[in-house]
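Chain and residue survey
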Amino acid sequence: MVNVTLETSSGTKEMQIQRGEILRTAMLRRGVSPHNGRARLINCRGLGTCGTCAVEIEAADNTISEALEPNTRNTKEKIRLNFPPHGSSDQSQNLRLACQIQIFDDVTVRKRTGFWGQDTTSELAEEYDAELWFGELEYVLDNKSPQNKES
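Residues numbered from 1 in each chain as written. Predicted model: local features only at pLDDT ≥ 70, side-chain atom pairs only at ≥ 80, totals over all residues. Heavy atoms only, no water.

Some thoughts on the overall build of the chain
Formally: Secondary structure follows DSSP: runs of H or I at least 4 residues long count as helices, runs of E at least 2 residues long count as strands, and numbering of each begins at the N terminus. C-alpha atoms define the radius of gyration, and 2.2 Å times the number of residues to the power 0.38 defines the globule rule. Under the scheme applied here, a residue whose accessible area is under 20% of the maximum for its type counts as buried, over 50% as exposed, and between as partly exposed, the area being computed with a 1.4 Å probe on protein chains only. The contact rule is simple, with two residues in contact once any of their heavy atoms fall within 4.5 Å. To be clear on the numbers: accessible area is Shrake-Rupley with a 1.4 Å probe, and residue cover counts the displayed protein chains and nothing else.
Across its full length, the chain holds three helices and eight strands. Against the 2.2 N^0.38 benchmark of 15 Å for 151 residues, the chain shows a C-alpha radius of gyration of 14 Å, consistent with a compact globule. Looking at the chain residue by residue over its 151 residues, the buried ones come to 48%. Relative to all contacts within the chain whose residues are 6 or more apart in sequence, the contacts with residues 24 or more apart total 69%. Of the roughly 7,500 Å² of accessible surface on the chain, a fraction of 49% belongs to carbon and sulfur atoms.

Given below as structure tokens:
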């Protein structure tokens, strides 16, 4: 198990997730949404095309290369995070799509404000409960997370 610390304007929440779990899946299974507001309903369900699950990631010991897979933005992330409303010159280089990354070591996740989590100020978004509109189909595109669904 690895630790994920979620920082929002509502406070800090600690979650233990399985090593190798996709961050979006891990958060939803533990009752926390990687999406802000209405993006909980209006999102791509893990395709990597909408950008609404954008989060800022920091590794516990500053070694992102060991904490995440892929350790740099994949093609979907490069395209989506360089397309408005993302892609501003002051956007954090640690901004990633929760649906595209597997977690292998302890990390801190910060959710910024804005429908797409795109705000570049230091303001954090509030924590939103997960709403699984499609039940287990919310995870249908996740073929990388370990099959054991224990929290």
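Structural notes on the packing of aromatic side chains
The following threshold applies: Centre distance within 6.5 Å is the pairing criterion for rings of Phe, Tyr and Trp, where only the six-membered ring of Trp is used; planes under 30 degrees apart are then read as stacked, over 60 as edge-to-face, and the remainder as tilted. Distance and angle both matter: a charge sits over a ring if NZ of Lys or CZ of Arg is within 6 Å of the ring centre and within 35 degrees of the ring normal.
Across all of its chains, the model carries one aromatic pair by this definition. Ring plane angle 70° and centroid distance 4.8 Å describe the contact between F115 and W116, whose orientation is recorded as edge-to-face. Accessibility expressed as a relative area gives 31% for F115, which makes it partly exposed. Classification of W116 by relative accessible area gives partly exposed; the value is 28%. Just above the ring of Y139 sits the side chain of R29; from NZ or CZ to the centre is 4.3 Å.

Brief notes about the side chain of R45
The line we're drawing: Counting of polar contacts relies on pairs of N or O atoms within 3.5 Å, with two restrictions inside protein: one atom must be capable of donating a hydrogen and the other of accepting it, and residues adjacent in sequence are counted only when both atoms are side-chain atoms.
In this fold, R45 is placed in the loop between helix 1 (23-29) and strand 4 (54-59). Engagement of the side chain of R45 in a polar contact is seen with the side chain of E138, the distance being 3.1 Å. Setting aside anything within four residues of it in sequence, one finds R45 in contact with R24, R40, W133, F134, E138 and L141.

Notes on the sheet that holds strand 4
Applicable threshold: Following DSSP output, two strands are said to pair if at least two bridges run between them. Geometry is summarised by axes, namely lines fitted to C-alpha atoms with helices restricted to the contacting stretch, and by angles between N-to-C directions that run from 0 to 180 degrees.
Spatially, 2-1-8-4-6 is the arrangement adopted by the five strands of the open sheet, whose pairing is mixed. Edge strands, defined here as strands with exactly one partner in the open sheet, are strand 2 (11-17) and strand 6 (95-97). Along the sheet, successive strands turn relative to each other by an average axial angle of 35°, direction set aside. The pairing of strand 4 with strand 6 spans three bridges and is antiparallel. Paired with E56 across the two strands is L95, which belongs to strand 6.

Details of empty space enclosed by the protein
To find leftover empty space, a probe the size of one water molecule is rolled over the atoms. We apply this condition: Using protein atoms alone on a 1 Å grid, points that fit a 1.4 Å probe yet trap it form a cavity, whereas open point sets bounded by protein on both sides within 12 Å along at least five of seven lines form a pocket; residues with an atom within 4 Å of a point count as lining. Grid points are joined across faces, edges and corners, and a volume is the space filled by probe spheres set on the points. Residue polarity is assigned by list, with Asp, Glu, Lys and Arg as charged and Ala, Val, Leu, Ile, Met, Phe, Trp, Tyr, Cys and Pro as nonpolar; anything else, Gly included, falls into the polar class.
Per the stated rule, a full pass over the model turns up one cavity of 30 Å³ or more. Empty space within the largest cavity amounts to approximately 40 Å³. Every residue lining the largest cavity is listed: L6, T8, V32, S33, H35, N36, K111, E126, E127 and Y128. By residue class, the composition of the lining of the largest cavity is three nonpolar, four polar and three charged.

Quick notes on the pattern of salt bridges
What counts, and what does not: Every case where a carboxyl oxygen of Asp or Glu lies within 4 Å of a side-chain nitrogen of Lys or Arg is listed as a salt bridge.
In total, this model carries nine salt bridges according to the counting rule given. Residue E131 is joined to R40 by a salt bridge in which the shortest nitrogen-to-oxygen separation is 2.9 Å. Separated by 91 residues along the polypeptide, E131 in the segment after strand 8 (107-110) and R40 in the loop between helix 1 and strand 4 bring together distant segments of the chain. The partly exposed category is assigned to E131, whose relative accessible area is 31%. In this structure, the salt-bridge partner of E56 is R112, at a minimum N-O distance of 2.9 Å. With E56 in strand 4 and R112 in the segment after strand 8, the pair connects residues that are 56 residues apart, well separated along the chain.

Some thoughts on a nonpolar patch on the surface
Here is the rule: Only residues whose relative accessible area exceeds 30% and that take part in no salt bridge are eligible for patches, with like-charged residues grouped when within 9 Å of each other and nonpolar side chains (Val, Leu, Ile, Met, Phe, Trp, Tyr) grouped when within 5 Å.
A contiguous nonpolar patch, built from L41, I42, L47, F115, W133, F134, L137, V140 and L141 and spanning about 880 Å² of accessible area, is present on the exposed surface. For V140, the position within the fold is in the segment after strand 8. Look at V140 and you get exposed, because its relative accessible area is 57%.

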